[in-house]
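An overview of the molecular structure
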Amino acid sequence: HSAAFAERQAECFALKTERLAAIRRMMSLRFDEAPPKSYAENEIRGWEGLRMARLFKTLAKEHRVSWTGRENDPRSDFQKIDPINRVLSSAFAILYREVHLAVLVMGMAPALGFLHRADPKSFVYDMADIYKNELATEVFSAFTDDDHVERDWIATLVRENFVADAKSVLWG
């Protein structure tokens, strides 16, 4: 790939109006709607968090899974976290790996995130978020069917969609 993706990512990162536009495009890909144009980055984070909490609660109800909320504190004893949160955390870790690989293959900078900031993998988290709704749905379904989510399924999800999604986020 050419340097066009890296150059556009850097431009979006550096220019606040471009960064906010890219964030709105990410949210549109993820939720089929964008946050209000008047929202600043922190307000968008809250908007996104409420939608994810609602999604997890809806999935738990649909699949009759006991749900007290998302628990993913890395300082917690992993074995003491409830089973559905352990499965979600494991699936998201695989997702982060696949997206990180895609970011590197495309020549983009993992640290130059738009919504996530101040982390060496901020852009990885931004782009991975696009797939979290679909992955969470798959995890809840597999969890109640006593099945599992194939690692290859996650890799295929990213490989088949990443280039188009990166173009949508960066250029619209």
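Higher on the page you've got the structure.
Residues numbered from 1 in each chain as written. Predicted model: local features only at pLDDT ≥ 70, side-chain atom pairs only at ≥ 80, totals over all residues. Heavy atoms only, no water.

Side note on the side chain of S89
Applied cut-off: We count a stretch as a helix when DSSP gives it H or I for four or more residues in a row; a strand needs E for two or more, and each element gets its number in order from the N terminus. For each residue, the accessible area found with a 1.4 Å probe, counting protein chains only, is set against the maximum for its type, and the residue is called buried under 20%, exposed over 50%, and partly exposed in between. We call two residues in contact when some of their heavy atoms are within 4.5 Å.
Looking at the secondary structure, you find S89 in helix α4 (residues 83-105). Overall, S89 belongs to the buried group, its relative accessible area being 19%. The residues contacting S89, other than those within four sequence positions of it, are R70, E71, N72 and F78.

Considerations on the side chain of S122
Topologically, S122 is positioned in helix α5 (residues 122-144). In this view, S122 contacts P110, A111, G113, H116 and R117; residues no more than four positions away in its chain are not counted.

So, the layout of surface pockets
As a reminder of what qualifies: As defined here, a cavity is a set of points on a 1 Å grid over the protein atoms alone where a 1.4 Å probe fits but cannot get out. A pocket is an open set with protein on both sides within 12 Å along at least five of seven lines, and residues line them when an atom is within 4 Å of a point. Grid points are joined across faces, edges and corners, and a volume is the space filled by probe spheres set on the points. Only Asp, Glu, Lys and Arg are considered charged, only Ala, Val, Leu, Ile, Met, Phe, Trp, Tyr, Cys and Pro nonpolar, and every remaining residue, Gly among them, polar.
Roughly 510 Å³ of volume is contained in the largest pocket. Forming the walls of the largest pocket are 25 residues, and the residues nearest its centre are R70, N72, F92, Y96 and K132. Residue assignment for the lining of the largest pocket shows that the elements contributing at least two residues are α3 (41-62), α4 and α5. Ranked by the residues each element gives to the lining of the largest pocket, the list is headed by α3, at six residues. Here the lining of the largest pocket is composed, by residue class, of 11 nonpolar, six polar and eight charged.

A look at the packing of aromatic side chains
Heads up, the rule is: Ring pairs shown here join Phe, Tyr and Trp side chains whose ring centres sit within 6.5 Å, with only the six-membered ring taken for Trp; geometry is labelled stacked below 30 degrees between planes, edge-to-face above 60, and tilted in between.
A full pass over the atoms with the stated rule returns seven aromatic pairs. With a centroid separation of 6.4 Å and an interplanar angle of 35 degrees, the aromatic rings of F56 and F140 are classed as tilted. Placement of F56 in helix α3 and of F140 in helix α5 is noted, with a sequence separation of 84 residues between them. Of the two residues, F56 and F140, neither departs from the other in class, the shared state being buried. Here Y96 and Y125 contribute two aromatic rings whose centre-to-centre distance is 4.9 Å and whose plane-to-plane angle is 75 degrees, an arrangement assigned as edge-to-face.

Remember that the coordinates give geometry; whether it matters functionally is a separate question.
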